[in-house]
Amino acid sequence: MTGSGHVKRGGTFELTVTPDRYLPHRYAGASEDFNPIHLDEEYARGVGLPSNILHGLYTMGIAARAVMTAAGGDPRVLRRIAVQFRGFGVPEEEIVVRGSVRAADGAGIVADFAADQNGRPLIRGGEAVTRS
């Protein structure tokens, strides 16, 4: 991650993650979301998707991790996160979260961010607030 650890106002951060092919199955178990569009490649293709897709909340979790790392790494500092889902992610392709710190003081940061996968938008209009 570039710019990690207490990024200052105007600073940027980036996180890249490549979810493996089994991640949707593990995430389904953790989230209890067993929708077949996440787990069954054939079913997903049958409903018009390119393959099984990642859970949206998994993608949001990656974005939250990027912000928390930029704020120093402690997950307890995240106070609020909001995203606009713009697309779906697929396993085995790199996801890139890029953001910038709009405001920072001794108490935390306000960050704006977006996430893409191979040029396809997954998240736009992301905003997170942290507190020390």
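Keep in mind it's a predicted model, so treat the numbers as computed, not measured.

1. Details of the sheet that holds strand S3 (residues 95-105)
Pairing in this open sheet of 5 strands is antiparallel, and the strands run S1-S3-S4-S5-S2 from one edge to the other. The open sheet has two edge strands, strand S1 (12-17) and strand S2 (78-85), and neither has a second partner. Between one strand and the next, the sheet's axes are offset by a mean angle of 20°, whatever the strand orientation. Inspection of the sheet shows S2 paired to strand S5 (residues 120-130) by 6 bridges, in the antiparallel sense.

2. Focus on the nonpolar core
One finds Phe-13, Ile-62, Val-97 and Phe-113 to be the most contacted residues of the largest nonpolar core, which totals 24 residues. Those elements that place two or more of their residues in this core are S1, helix H4 (56-70), S3, strand S4 (108-117) and S5. Among the elements that make up this core, the one with the highest residue count is H4 (6 residues). Counting residues in hydrophobic clusters, the runner-up holds 5 residues, among them Ile-37, Leu-49, Ile-53 and Val-90.

3. Description of the pairing of S4
In terms of burial, S4 is largely enclosed, as 9 of its 10 residues are buried. Both S3 and S4 contribute to a ladder of 10 bridges, which runs antiparallel. Note on S4: the bridge partner recorded for Ile-95 is Gln-117. Connecting S3 to the antiparallel partner S4 that follows it, the hairpin turn spans 2 residues. In terms of strand pairing, S4 meets S5 through 7 bridges, oriented antiparallel. Opposite Phe-113, over in S5, you have Gly-126 as the bridge partner. Two successive antiparallel strands, S4 and S5, enclose a turn made up of 2 residues, where Asn-118 displays a positive phi of approximately 50°.

4. A short note on the confidence of the model for the chain
Of the residues in the chain, 96% reach a pLDDT of 70 or more, and the chain-wide mean stands at 93. Per-element confidence in the chain is highest for helix H2 (residues 36-39), whose mean pLDDT is 98, and lowest for S3, whose mean pLDDT is 95.

5. Digging into the pattern of salt bridges
Opposite charge on two side chains makes pairing possible when the charged atoms of those side chains draw close. In total, this model carries 9 salt bridges according to the counting rule given. Arg-26 serves as the salt-bridge partner of Asp-20, at 2.9 Å between the closest nitrogen and oxygen. Assessed through its relative accessible area of 33%, Asp-20 is described here as partly exposed. On the basis of relative accessibility, which here comes to 47%, the residue Arg-26 falls in the partly exposed class.

Conventions and cut-offs
- Here, residues in each chain are numbered from 1, in the same order as that chain's written sequence.
- Local features in a predicted model are, by the rule used here, given only for residues with pLDDT of at least 70; side-chain atom pairs are given and counted only at 80 or more, and totals for whole chains, interfaces and linings are based on all residues.
- As a rule here, side-chain values cover all heavy atoms of the structure and leave hydrogens and water aside.
- Any two strands with at least two DSSP bridges between them are considered paired.
- Only runs of H or I of at least four residues qualify as helices and only runs of E of at least two qualify as strands under DSSP, and these elements are numbered from the N terminus.
- In this analysis an axis means a line fitted to C-alpha atoms, helices contributing only their contacting stretch, and an angle means the value between N-to-C directions, from 0 to 180 degrees.
- Each nonpolar core is a collection of buried residues, namely Ala, Val, Leu, Ile, Met, Phe, Trp, Tyr and Cys, held together in the definition by side-chain atoms within 4.5 Å.
- Relative accessibility under 20% of the residue-type maximum defines a buried residue, over 50% an exposed one, and the middle range a partly exposed one, all with a 1.4 Å probe and only protein chains included.
- The predictor attaches a confidence to each residue, called pLDDT, with possible values from 0 through 100.
- Here, a salt bridge means any Lys or Arg side-chain nitrogen found within 4 Å of an Asp or Glu carboxyl oxygen.

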